[in-house]
Every structure is written in structure tokens, then in C-alpha cells.
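The residues making up each chain are set out below.
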Amino acid sequence: MSVKFKRLIAFVIDWNITLFPFVVIFSFLTTFLRKESAVNPLVLLLCFFAIILAFVAFVLRDVIFKGRSLGKRIFGLYIYDKNSLGQASAKQRFLRNVFFFLYFIDGILLLVTGQTIGDRVAGTLVTSKQGFETYTNAIQDSAPAAKQKKVKKVVLVTATIIACLAIFVGLIQIVLNAQKDTEEYKVAYSYFVESQAFKKLNVDESKIRFNQYSSQTYTSNDNNSVSQTVKIGFIVNSKSFEVVCHKENDMWQVCNECTLFD
């Protein structure tokens, strides 16, 4: 018999053994309640208590019976921690059972995948000692291959990121170099190298880095005239400078009022 069917039958056994005493108590109390002419609050409270206690006992069945429910003991099943490859903790044994109300779905998942929702959440594996030894050996055998695969993945991701960054930087440089041939750039560059702000830096022009080009177009509501404004940025020794140019009468001129170097 496969572990899947053993677990399924063990679940049915646990359900009946764990809940049977409380079902009997609940049935007795409800029978007594029907015979009473008036509703007895104490009996209602006992019925409610019996229901709660039954579900609590079922959830804790792998905790109160030394980590193995009666059904698991009958079929020689144990609960293991898939990460530490040891016995599952009391917290894991509790957590995996809190999804008992989904037992129909759990039953289907168990037959198809060999794991329940609780096993996936708690990271547990229910199998025999022999099955666990087989699982452990498979994990140990696949560990080097998995580690090598992980290293390859990290290298591939890193190489992809570096390549994307290189392409991005290259595209920016291509765009900036193309903009260096424009009339407005030449006007802004000449203005900047002749400015007092650049001369105070006491460096040659080779230190100038072109890093910004932004253009805006404005249309006047009065005479529908169109004007253009560009902002051209430079960096020298980690200091940023921005030159603003306006296009007037088809000629680019630096706006002295807009261009202020700190």
C-alpha cells in the first residue's frame, strides 16, 4: 500500500477515533435537550463545549499522542521537518492540522501530489522511516547539483543585469553625443566655458561632462507663436551646472536671467 493511501486511511481512523467520544456526548446532550420542555442553557453550553473540544482534540492529535496520532501509529507513519530533515516540532505538528476543515480538498491534493495544504504550510513530510531515508538520500544526492544550478542562476542574473546597464549607459551616451552636434549645445557650451563659474574651478575643458538635455516647446495664445527652451547640463568635478537657452528668430541664445550658477 502506498504512503498516500496509508495517510488517507490514517486520517479517517483519526477522525473517527478522535471525534467519536464527543459525537456520543453531543448526541446524548441533544437527545436530553429534546426531551426537556424548556431550553436548558447549561445543556446548550455543554453541546457547544463538546463541539469545540472535539475540533481542538483533532487539531492537537499529533501533539497529545507524542507527535503521532493513532492512525499514524497503526500504519507506521512519522511527521518530519523537510528543512532540517529531523522530527517535526510541536508547532509544525499543530500548524499542519489547523486546515482540517478543508479535508475534502486535502484528500484530493494528497492523492494527486502526496502533500496536504498543512504539509505545504508547515514544511512537513509524512512518511515511513524507510520512505524518509529514501527522501533524505535523494536530497543529499541532489544537493551538489542544486547548488551548482543556483550558482549558475546567480551568475546568469548578474551578467544580465550588467549587460542591461551597459546597454542603457551606451544608449544614453549615443543620444548625448548626437545632441553635442546641435546649435543649442554649442551655444550653451561656449557660454559655460567662458563663464566665471567655470574659470573659478581652475580646470581644463577635458573635465567637462555633458549629462543633461531637456527641451520644451511653448505656444503663445495671443499670436500662436512657437518658442523653444532647452536646458543643458554639465558636470565638472562632481559639481552640476545648467545652462538655459531660448530660440528667438531662429537663433539660440542663452537666457542670462534663467542661467544662474551657484
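See the structure above.
Conventions we followed
- Residues numbered from 1 in each chain as written.
- Predicted model: local features only at pLDDT ≥ 70, side-chain atom pairs only at ≥ 80, totals over all residues.
- Heavy atoms only, no water.
- Helix = DSSP H or I, 4+ residues; strand = E, 2+ residues; numbered from the N terminus.
- Rg over C-alpha atoms; globule rule 2.2 N^0.38 Å.
- Buried < 20%, exposed > 50% of the residue type's maximum accessible area, 1.4 Å probe, protein only.
- Contact = heavy atoms within 4.5 Å.
- Areas by Shrake-Rupley, 256 points an atom, 1.4 Å probe, with all protein chains shown as cover.
- Lys, Arg positive; Asp, Glu negative; His and termini not counted.
- Charge placed at Lys NZ, Arg CZ, Asp CG, Glu CD.
- Arc of directions from axis to C-beta.
- Pairing = 2+ DSSP bridges.
- Salt bridge = Lys/Arg side-chain N within 4 Å of Asp/Glu carboxyl O.
- Phe/Tyr/Trp six-rings, centres within 6.5 Å; stacked < 30°, edge-to-face > 60°.
- Axes fitted to C-alpha atoms, helices over the stretch in contact; angles between N-to-C directions.

Asker: Got a minute to help me understand the overall build of the chain in this structure?
Answerer: Each helix and strand counted, the chain has 10 helices and seven strands in total. A globule of 262 residues ought to have a C-alpha radius of gyration of about 18 Å, yet the chain, at 38 Å, is considerably larger. Buried residues in the chain amount to 29% of all 262 residues. Considering only intrachain contacts with a sequence separation of at least 6, the fraction spanning at least 24 residues in the chain is 56%. Carbon and sulfur atoms form 63% of the exposed surface of the chain, whose accessible area is close to 17,400 Å². When the 30 positive and 20 negative side-chain charges of the chain are each reduced to one mean point, those points stand 22 Å apart.

Asker: Can you walk me through the environment of F28 in this structure?
Answerer: By the secondary structure assignment, F28 is in helix α1 (residues 3-35). Judged by its relative accessible area of 59%, F28 is exposed. Once the C-alpha coordinates of F28 and C47 are considered, the two residues, 19 residues apart in sequence, prove to be 9.3 Å apart.

Asker: Any chance you could explain helix α6 (residues 103-113) here in plain terms?
Answerer: Residues spaced three or four apart along an α-helix face the same direction, because each turn holds 3.6 residues. All of the buried residues in α6 are D106, G107 and L110. Down the axis of α6, the buried set is contained in an arc of 105°. They therefore lie on one face. In α6, the exposed positions that point more than 90 degrees away from the buried face belong to F104, I108 and V112. Two residues or fewer past α6, G114 is found with a positive phi of approximately 85°.

Asker: Is there a simple way to think about unusual backbone geometry in this case?
Answerer: Glycine aside, the phi torsion of most residues is negative, and most peptide linkages are trans. Backbone geometry places L85, a non-glycine residue, at a positive phi of 60°. Relative to the elements of secondary structure, L85 occurs in the loop between β1 (78-81) and β2 (86-87). When its relative accessible area of 26% is taken as the criterion, L85 is described as partly exposed. A positive phi angle, close to 60°, is found at N202, a residue other than glycine. Assignment of secondary structure puts N202 in the loop between α10 (196-201) and β4 (209-219). The class of N202 is exposed, set by a relative accessible area of 71%.

Asker: Explain the sheet that holds β1 here, please?
Answerer: Whenever strands of a sheet pair, they do so through backbone hydrogen bonds, lying parallel or antiparallel. What the three strands build is an open sheet, ordered β2-β1-β3; its pairing is antiparallel. Across the chains shown, the open sheet's two edge strands, defined by having one partner strand only, are β2 and β3 (124-127). As judged from the four bridges shared by β1 and β3, these two strands associate in the antiparallel manner. Residue I79 lies in a different strand from β3, and its bridge partner there is V126.

Asker: Looking at this structure, I do not really get the environment of V254. What am I missing?
Answerer: Position of V254 among the secondary structure elements: in strand β7 (residues 251-254). Once the C-alpha coordinates of V254 and I51 are considered, the two residues, 203 residues apart in sequence, prove to be 85 Å apart.

Asker: In this structure, what is going on with the pattern of salt bridges? I would like to understand it.
Answerer: Pairs can form between side chains of opposite charge whenever their charged atoms are close. Under the counting rule described, the total for this entry stands at five salt bridges. A salt bridge links R96 to D62, with the nearest nitrogen and oxygen atoms 3.1 Å apart. Remark: D62 occurs in helix α3 (residues 61-64) and R96 occurs in the loop between α5 (90-95) and α6; sequence separation between them is 34 residues. D62 matches R96 in its accessibility class, with the two residues each being buried. Through salt bridges with shared partners, a single ionic network connects R7, D62, K72, R96 and D119.

Asker: Looking at this structure, I do not really get the packing of aromatic side chains. What am I missing?
Answerer: Both the distance between ring centres and the angle between the ring planes are used here to describe each pair of aromatic rings. One pass over the full model with this rule turns up 10 aromatic pairs. An angle of 40° between the planes, with centres 6.2 Å apart, marks the rings of Y78 and Y80 as tilted. The burial state of Y78 is the same as that of Y80; both residues are buried. Centroid distance F192 to F241: 5.1 Å. Interplanar angle 45°. Geometry classified as tilted. Within this pair, whereas F192 is found in helix α9 (residues 183-193), its partner F241 is found in strand β6 (residues 239-248), the two being separated by 49 residues in sequence. Across the pair, F241 and F192 agree in class, each one buried.

Asker: Help me understand the sheet that holds β6, please; the structure alone is not making it clear to me.
Answerer: As summarised here, the arrangement of the four strands in space is β4-β5-β6-β7, forming an open sheet in which the pairing is antiparallel. On the outer flanks of this sheet lie β4 and β7, each paired with one strand and no other. The average undirected angle you get between the axes of adjacent strands in this sheet is 25°. For β6 and β7, the ladder comprises four bridges, and the chain directions are antiparallel. Bridge pairing in β7 links K247 to W252. Where α9 meets the sheet, it contacts β4, β5 (226-236), β6 and β7, and its direction lies at approximately 50° from that of β5.

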